[in-house]
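# A closer look at the structure
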Amino acid sequence: MLLEVKQLNAGHGFLQILWDVSIQIDVGEYVCIVGPNGAGKSTTLKTIAGLINPISGQVLFKGEPIDGIGGHKVTRKGIAFTSEEMNLFTNMSVQENLLMGAYILDDKALIKRRMTYVYEFFPRLAERRSQLAGTMSGGERKMLAIGRALMSDPDLLLVDEPSFGLAPQLTTTVFESLDKLVQEGLTILLVEQNVTKTLAVTDRGYVLENGRITLKGKSSELACDPHVRKVFLGV
Amino acid sequence: MPERFLSWLKSAAGITILLTIFLAAYATIDRGPYILVNTAITGGMLALVAIGLALLLGVMNVASFVHGEYFMIGTLAAYYVFTPLNAYLTENPNPFLTNLAPLIAILSAAVVGAAAGALTEVLVFAPMRRRSRENWVMNSFLLTVGLAVVLINAHLLIFGADFKGIVRYWPGRPFTIMDVFISRDRFFAFLISIVVIIAFWLFMKMTRTGRAIRAVSQDETGSLMVGINLTGILIFTMALGCSLAAVAGASLLFLYPSYPTVGLEALYMAWFIVILVGLGNIIGALTGGFMVALLKVLTVEYIGSGWDFVVPTALIIIVLIFKPSGIFGSEVRGALEK
């Protein structure tokens, strides 16, 4: 088991958002969390990434507890997080942003290898390497956010709303690159509003409603589930 | 490139820099090259204090009104290191050590300043940040004002109110540049400010920690996500900013003897600069240092020495009315490149 979230309760300040959320992810799996707006999907990812301290419950990564150790230490354990707002360093060049992504790596040769890998993966970024991140288009910034997360050579990639604010065609491109990463052996936990598309590409899924996991199972089965079809797909 | 250069010339920053160069050239022809020399020396030191202030604003979001007290701590540290060294050297002359002693004093001031800055972050800002980040800008500002009062009175209590000064750092005849006599102390003060500024620039651009400081100034959550230890970076930034002010204080000990409120003038001048160029902008603080220095020198030269606070203040009021984000200001956030 790569990641194990046990009975997680978390929230912002006094407002509790997550209630007894449990998630398990194995190495190499492509797992998604789907749910309506405000269900707590982003809060789940932020808590796993260490940006929010849980009220109770446990997050185990490779068997070690990582809840409450702080965001920067979670990254060092091997979890990379791409947030919805992307949190890029807007006044740094693409190259510098990627270098920052490799902040936790000490091996210069490894940083170079990761850089080549990311530039091969997103050739668009290589063309723009000296451009400031803040001046790029939404799709390019999304690529940069994923590229920066990949720079740290993570074992688990958390992706929050990759389609947010993107044109449908660009969304397809981003989904294709995530697919390719899974085929290369990376484990991904994806959070998305675009339920049809997400359930079509992922292996397994969790349905989060009002801060509680209401359904879980194979993505193909979830896509046929009457409840899911009624709530999300409107049929 | 020429087009970009032209459009830059037409921006507020370009116009101001051109105007500054023109003014400097005119005054130099009119009154003599000592205007330039004085501007360079004052500007270098003002820039050091202002860069530290801009760093704290850009990275930690702290509007520091205690920054002048690190200048004061710098003068104090340099005085207590240099005076015994100098006394020893008068009894046992040693030309090599005589030239080295001022550097030792300034270096120890840098270390003491950095330690004071780090302590301030650990003991004052960190506990407040843990409590709540609500209303942070106002609360941290008030905290710095209080801290300034405490430090000034601590100086008064422990070291007394008298002037603790030195006659000179470097003995020997003054240098002559462009028919102007420059005392060795002034010359070396300028040299130190230039070296420190260049070193600081390279550090911010080339090193991993420097990049991390810039990253924190641009996006705090993003820097946590890439694995930057925020606590460490904040302590380091505070130490760095305060150390720059201490170096400025120590280098100018021959001009400003150490006394409780010696840092106030440096603080006000640094704030003039930072408001003039835009909050938290380091490149701007560097150029602004020399602009305000020129303004001061010209005011003293043409209007009278009592007016050197009035003219910059008036200018700031005008800037705040017409371009509230400062002449280098823009919407983008970041400590080194705004």
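The rules behind the values
Residues numbered from 1 in each chain as written. Chains lettered and ligands numbered in written order. Predicted model: local features only at pLDDT ≥ 70, side-chain atom pairs only at ≥ 80, totals over all residues. Helix = DSSP H or I, 4+ residues; strand = E, 2+ residues; numbered from the N terminus. Rg over C-alpha atoms; globule rule 2.2 N^0.38 Å. Buried ≥ 20, exposed ≤ 12 C-beta atoms within 10 Å, placed from the backbone. Contact = placed C-beta atoms within 7 Å. Nonpolar A, V, L, I, M, F, W, Y, C, P; charged D, E, K, R; others polar. Pairing = 2+ DSSP bridges. Domains from an automatic or database assignment. pLDDT = per-residue confidence, 0-100. Core = buried A, V, L, I, M, F, W, Y, C linked by C-beta atoms within 7 Å. Expected span 1.5 Å × (residues − 1). Axes fitted to C-alpha atoms, helices over the stretch in contact; angles between N-to-C directions.

This next bit is on the overall build of chain B. Of the regular secondary structure elements, chain B holds 13 helices and 2 strands. A compact globule built from 338 residues should have a C-alpha radius of gyration of about 20 Å, and chain B, at 20 Å, falls within 12% of that. Each of the 338 residues in chain B was classed as buried or not, and the buried ones make up 47%. Within chain B, residue pairs in contact and separated by at least 24 positions form 76% of the contacts whose partners lie at least 6 positions apart.

This paragraph deals with the interface of chain A and chain B. Chain A puts 23 residues into the contact, and the matching count from chain B is 19 residues. A per-class count over the side of chain A that touches chain B returns 10 nonpolar, 10 polar and 3 charged.

What follows covers the sheet that holds strand E2 (residues 15-25) of chain A. All names here are of chain A. The 4 strands are arranged E2-E1-E4-E5 in an open sheet whose pairing can be described as antiparallel. Across the chains shown, the open sheet's two edge strands, defined by having one partner strand only, are E2 and strand E5 (64-65). Where strand E1 (residues 3-12) and strand E4 (residues 56-61) come together, 5 bridges link them in antiparallel fashion. The residue bridging asparagine 9 from the neighbouring strand is serine 56, located in E4.

Time to look at the pairing of strand E9 (residues 204-209) of chain A. Residues and elements named next belong to chain A. Among the 6 residues that make up E9, 5 are buried, leaving the element largely enclosed by the rest of the structure. Examined bridge by bridge, E9 and strand E10 (residues 212-218) share 6 bridges and lie antiparallel to one another. By the bridge assignment for E10, leucine 208 is matched with isoleucine 213.

Now for the domain arrangement of chain A. Residue and element names in this part refer to chain A. Assigned domains of chain A: these are domain 1 (3-78 + 155-233) and domain 2 (88-150). Those elements giving two or more residues to the side of domain 1 that touches domain 2 turn out to be helix H2 (71-77) and helix H7 (168-183). No other element matches the 3 residues that H7 contributes to the side of domain 1 that touches domain 2. Tallied by class, residues from the side of domain 1 that touches domain 2 come to 5 nonpolar, 3 polar and 1 charged.

Across chain B, the average pLDDT comes to 88, with 96% of residues at or above 70. Model confidence for chain B, summarised as mean pLDDT per element, is weakest for helix H1 (residues 2-10) of chain B at 73 and strongest for helix H10 (residues 230-251) of chain B at 95.

Moving on, we get to the nonpolar core. One finds Val49, Ala50, Ile51, Ala246, Ala270, Ile273 and Val274 of chain B to be the most contacted residues of the largest nonpolar core, which totals 170 residues. For this core, the leading source of residues is helix H3 (residues 34-60) of chain B, giving 18 residues. Counting contributing residues per domain, this core is built from domain 1 (3-78 + 155-233) and domain 2 (88-150) of chain A, each supplying no fewer than three. Contacts of alanine 50 of chain B, omitting those with residues within four sequence positions, involve Ala270, Ile273, Val274, Ala285, Gly288 and Gly289 of chain B.

Per-residue confidence for chain A gives a mean pLDDT of 92; residues scoring 70 or more make up 100%. The element-level mean pLDDT for chain A is lowest in helix H10 (residues 226-233) of chain A, coming to 84, with strand E6 (residues 79-82) of chain A highest at 96.

Residues and elements named next belong to chain B. With 15 residues, helix H11 (residues 263-277) extends 21 Å between its outermost C-alpha atoms, agreeing within 8% with the 21 Å of an ideal straight helix rising 1.5 Å per residue. Judged by how many residues are buried, H11 sits mostly within the fold: 12 of 15 residues are covered. Looking at H11, one finds that the buried residues are Gly263, Ala266, Leu267, Met269, Ala270, Trp271, Phe272, Ile273, Val274, Ile275, Leu276 and Val277. Elements that come into contact with the buried residues of H11 comprise H3, helix H4 (67-91), H10, helix H12 (282-302) and helix H13 (310-322). Glycine 278 occupies a position one or two residues after H11 and carries a positive phi of about 115°.

A separate point is the sheet that holds strand E3 (residues 30-34) of chain A. All names here are of chain A. Read across the open sheet, the 6 strands follow the order E6-E7-E8-E3-E9-E10; overall the sheet is mixed. Lying at the two open borders of the sheet, with one neighbouring strand each, are E6 and E10. In this sheet, neighbouring strand axes are inclined to one another by 15° on average, regardless of whether the strands run parallel or antiparallel. Two elements, E6 and strand E7 (residues 156-160), share 4 bridges in a ladder whose sense is parallel. Bridge assignment links alanine 80 to a residue of E7, and that residue is leucine 157.

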